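This is what each chain is made of:
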Amino acid sequence: MGDAGACRNARGGRSRAGPGWPAPSLLGGLGGAARDQLLALGVHTRYEAGRVLIREAEPTGFVLVLLGGVVKVTARTHDGRDALLAVRMGGDLVGEFAAVDGGPRSATVTTCGAVAARLVTRGDFLDCLRREPRIAHAVNASIVTKLRAANRHRVDFAGCDAGTRLARVLHQIAMTYGEPLGAGAVIRWPLTQPELATLSGAAEPTVHKALRRLRETGVISTGYRSITVEDLALLRGVAFAAP
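This text gives an overview of the structure that appears in the document. (Residues numbered from 1 in each chain as written. Predicted model: local features only at pLDDT ≥ 70, side-chain atom pairs only at ≥ 80, totals over all residues. Heavy atoms only, no water.)

**Remarks on the overall build of the chain**
Stage number 1. Counting its secondary structure elements, the chain contains ten helices and 14 strands.
Stage number 2. Of all 243 residues assigned to the chain, the portion counted as buried reaches 49%.
Stage number 3. Element-wise, carbon and sulfur atoms account for 55% of the exposed surface of the chain, whose accessible area totals about 11600 Å². (Helix = DSSP H or I, 4+ residues; strand = E, 2+ residues; numbered from the N terminus. Buried < 20%, exposed > 50% of the residue type's maximum accessible area, 1.4 Å probe, protein only. Areas by Shrake-Rupley, 256 points an atom, 1.4 Å probe, with all protein chains shown as cover.)

Below is the structure:
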């Protein structure tokens, strides 16, 4: 999918900023004036569920500023499987790695439901970064946050069993994107068991058993297209219990 073709066509806390954007997200962290400048770029786009927005290895360079909805970021493994690397939602920026370094896409981005975004060409995006230091700083900080999270993910998973890894994945998603609900949070998007398995680095049957244990102990409950963490402190205890 090229820039022209696309033009034709929701981190450490749970506070919110702007119209529902998480405070740690790019849009949530930008001040009003800088955010307005960023949102003035490009064109407003809407995508249906299951739409591939960015495809791994393609030589495109546009970026997408997500306004609402959820996308998943995947990459192909050596044995041909799709590994889920991350989820991004309204407030986040996707596609910036290729825009910054001019290299091919490092991953595929697919909508998990209806998504609204601003589609910005590489030229307009880079020009904005040159002209607006506040936006450039926020984008750089966002990239560093993603790289730190990837490193933390590797460290956290070293030596952990599958149940602990799953609990850490759920805790991170709930803290970053969950909607507060009493002592817990609701994750409102269709995250499938195969996708949880790839995020947790575990086999799907193992994740199925781990989810059942979390339900049986009252840590989580599951519904249609959602996971409710009943008690974040309890989930954190499972995820980061001392060995």
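**Digging into the sheet that holds strand 5 (residues 63–68)**
Stage number 1. With antiparallel pairing, the four strands of this open sheet are ordered in space as 3-10-5-8. The strands lining the two open edges of the sheet, one partner per strand, are strand 3 (43–47) and strand 8 (93–94). (Pairing = 2+ DSSP bridges.)

**Overview of the packing of helix 7 (residues 162–177) against helix 9 (residues 204–216)**
Stage number 1. For the pair helix 7 and helix 9, interaxial distance at closest approach is 9 Å and the crossing angle is 70 degrees. By the angle class used here, helix 7 and helix 9 are roughly perpendicular. Handedness of the crossing formed by helix 7 with helix 9: right-handed. From helix 7, A162, G163, L166 and L170 reach across to helix 9, where they touch T206, V207, A210, L211, R213 and L214.
Stage number 2. Looking at the contact of helix 7 with helix 9, its residues break down into seven nonpolar, two polar and one charged. (Axes fitted to C-alpha atoms, helices over the stretch in contact; angles between N-to-C directions. Parallel < 35°, antiparallel > 145°, perpendicular 65-115°, else oblique. Left-handed = near helix turned anticlockwise from the far one by under 90°. Contact = heavy atoms within 4.5 Å. Nonpolar A, V, L, I, M, F, W, Y, C, P; charged D, E, K, R; others polar.)

**Comments concerning the packing of helix 8 (residues 193–200) against helix 9**
Stage number 1. With their axes 9 Å apart at the nearest point, helix 8 and helix 9 run at an angle of 100 degrees to one another. By the angle between their axes, helix 8 is roughly perpendicular relative to helix 9. Only E204, V207, H208 and L211 of helix 9 make contact with helix 8, whose side of the interface consists of Q193, P194, L196 and A197.
Stage number 2. The residue inventory of the contact of helix 8 with helix 9, partitioned by class, reads five nonpolar, two polar and one charged.

**Concerning the layout of surface pockets**
Stage number 1. Volume-wise, the second largest pocket comes out at about 170 Å³.
Stage number 2. Lining of the second largest pocket is provided by R55, K72, T74, D82, A83, L84, T108, T110, P194, E195 and T198.
Stage number 3. Contributions of two or more residues to the lining of the second largest pocket are made by strand 6 (70–76), strand 7 (82–89), strand 9 (108–111) and helix 8.
Stage number 4. Of the residues in the lining of the second largest pocket, the class split is three nonpolar, four polar and four charged. (1 Å grid on protein atoms, 1.4 Å probe; cavity = no way out; pocket = protein on both sides within 12 Å on 5 of 7 lines; lining within 4 Å. Points joined across faces, edges and corners; volume = space filled by probe spheres on them.)

**Overview of the nonpolar core**
Stage number 1. If you look at the biggest cluster of nonpolar residues, it comprises 33 residues, and the most contacted ones within it are L166, L170, W189 and L196.
Stage number 2. Contributions of two or more residues to this core are made by strand 7, helix 7, strand 12 (184–187), helix 8, helix 9, strand 14 (226–229) and helix 10 (232–239).
Stage number 3. In terms of residues, this core owes the most to one element, helix 7, which gives nine residues.
Stage number 4. Excluding residues within four positions of it along the chain, L170 makes contact with I187, L196, L211, L214, I227 and L235.
Stage number 5. L26, L27, L30 and L93 belong to the second largest nonpolar core, which has 21 residues in total. (Core = buried A, V, L, I, M, F, W, Y, C linked by side-chain atoms within 4.5 Å.)

**Observations regarding helix 8**
Stage number 1. Of the residues making up helix 8, those classed as buried are E195, L196, A197, L199 and S200.
Stage number 2. Looking one or two residues beyond helix 8, the residue adopting positive phi is G201, at roughly 65 degrees.

**Here's the deal with the sheet that holds strand 7**
Stage number 1. Here we have four strands laid out as an open sheet, ordered 4-9-6-7, and antiparallel in their pairing. Two strands close off the open sheet at either side, each with one partner strand: strand 4 (52–54) and strand 7. Neighbour-to-neighbour, the strand axes of the sheet open up by a mean angle of 30 degrees, direction not taken into account.
Stage number 2. Here strand 6 runs beside strand 9; their pairing, made up of four bridges, is antiparallel. Note on strand 9: the bridge partner recorded for V71 is T111.
Stage number 3. Helix-sheet contacts for helix 8 involve strand 6 and strand 7, and the interaxial angle to strand 7 is about 100 degrees.

**Here we look at the pattern of salt bridges**
Charged atoms that come close allow side chains of opposite charge to pair.
Stage number 1. Applying the stated criterion across every chain, the model contains six salt bridges.
Stage number 2. In this structure, the salt-bridge partner of K72 is E195, at a minimum N-O distance of 2.6 Å. In this pair, K72 is assigned in strand 6 and E195 in helix 8, connecting sequence segments 123 residues apart.
Stage number 3. For K72, a relative accessible area of 23% puts it in the partly exposed group.
Stage number 4. E96 is the partner of K146 in a salt bridge, and the nearest nitrogen-oxygen pair spans 2.6 Å. Here K146 is found in helix 6 (residues 133–157), whereas its partner E96 is found in helix 4 (residues 96–101), with 50 residues between them in sequence. (Salt bridge = Lys/Arg side-chain N within 4 Å of Asp/Glu carboxyl O.)

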